[in-house]
Amino acid sequence: MSDYLDTSAESTPVKDTSAQVESRWHGYVGNRIPWYVRLIWLGFWVFAVYYTITYLFPALQVEIVSPP
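Procedures and definitions
- Residues numbered from 1 in each chain as written.
- Predicted model: local features only at pLDDT ≥ 70, side-chain atom pairs only at ≥ 80, totals over all residues.
- Heavy atoms only, no water.
- Helix = DSSP H or I, 4+ residues; strand = E, 2+ residues; numbered from the N terminus.
- Buried < 20%, exposed > 50% of the residue type's maximum accessible area, 1.4 Å probe, protein only.
- Areas by Shrake-Rupley, 256 points an atom, 1.4 Å probe, with all protein chains shown as cover.
- Patch = residues over 30% accessible without salt bridge, like charges linked within 9 Å, V, L, I, M, F, W, Y side chains within 5 Å.
- Salt bridge = Lys/Arg side-chain N within 4 Å of Asp/Glu carboxyl O.
- Expected span 1.5 Å × (residues − 1).
- Bend = angle between axes of the 7 residues up to and from the residue.
- Phe/Tyr/Trp six-rings, centres within 6.5 Å; stacked < 30°, edge-to-face > 60°.
- pLDDT = per-residue confidence, 0-100.

### Some thoughts on the overall build of the protein chain
Secondary structure assignment for the protein chain yields 3 helices and 0 strands. Each helix (α) and strand (β) of the protein chain, taken in turn from the N terminus, gives the series α-α-α. Counting all 68 residues of the protein chain, 1% fall into the buried class. Surface exposure of the protein chain reaches about 6,700 Å², of which carbon and sulfur atoms provide 66%.

What follows is the structure, given as structure tokens:
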């Protein structure tokens with residue numbers, strides 16, 4: 001290993017590493033989803049439901065009654 005990164009995490013075996021020692025190397029931060037991304041997803045789901053009701057269900061009824 002390098003000589004300038006001598007820490008307790010390097011000298012401690014992996015199975016004995018505590019959460020406090022591990023947190024030095026792993027900083028987990030949650031990210032909020034921006035409002036416009038949520039709006040895009042909402043628009044997608046509204047369109048998906050509209051398409052399913054308007055086009056898919058009527059076409060399925062025709063195909064089930066008289067298959068090609």
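Moving on, there is more to tell.
### Regarding a nonpolar patch on the surface
A grouping of Phe 47, Val 49, Tyr 50, Tyr 51, Ile 53, Tyr 55, Leu 56, Phe 57, Leu 60 and Ile 64 is seen on the molecular surface, where their side chains present a nonpolar patch of about 1,000 Å² in accessible area. Its place among the elements puts Ile 64 in helix α3 (residues 35–65).

### A short note on α3
Its 31 residues place the ends of α3 44 Å apart at the C-alpha level, agreeing with the 45 Å of an ideal helix rising 1.5 Å per residue. At Thr 52, α3 shows its largest kink, close to 40°.

### Examining the packing of aromatic side chains
Applying the stated criterion across every chain, the model contains 6 aromatic pairs. Taking 5.7 Å as the distance between ring centres and 90° as the angle between the ring planes, the aromatic pair formed by Trp 41 and Phe 44 counts as edge-to-face. Placement of both Trp 41 and Phe 44 in helix α3 is noted, with a separation of 3 residues, approximately one turn of the helix. Take Phe 44: its relative accessible area is 42%, and that puts it in the partly exposed class. Note on Tyr 51 and Tyr 55: the rings are 5.5 Å apart at their centroids and 40° apart in plane angle, and the pair reads as tilted. On the criterion of helical spacing, the pair formed by Tyr 51 and Tyr 55 is a turn pair, its members being 4 residues apart in helix α3. Its relative accessible area of 46% is what places Tyr 55 among the partly exposed residues. Through a chain of ring-to-ring contacts, three or more aromatic side chains come together here, namely Phe 47, Tyr 50, Tyr 51 and Tyr 55.

### Things to note about the confidence of the model for the protein chain
When the pLDDT values of the protein chain are averaged, the result is 79; 65% of them are 70 or greater. By mean pLDDT, helix α1 (residues 8–11) is the weakest element of the protein chain at 57, and α3 is the strongest at 93.

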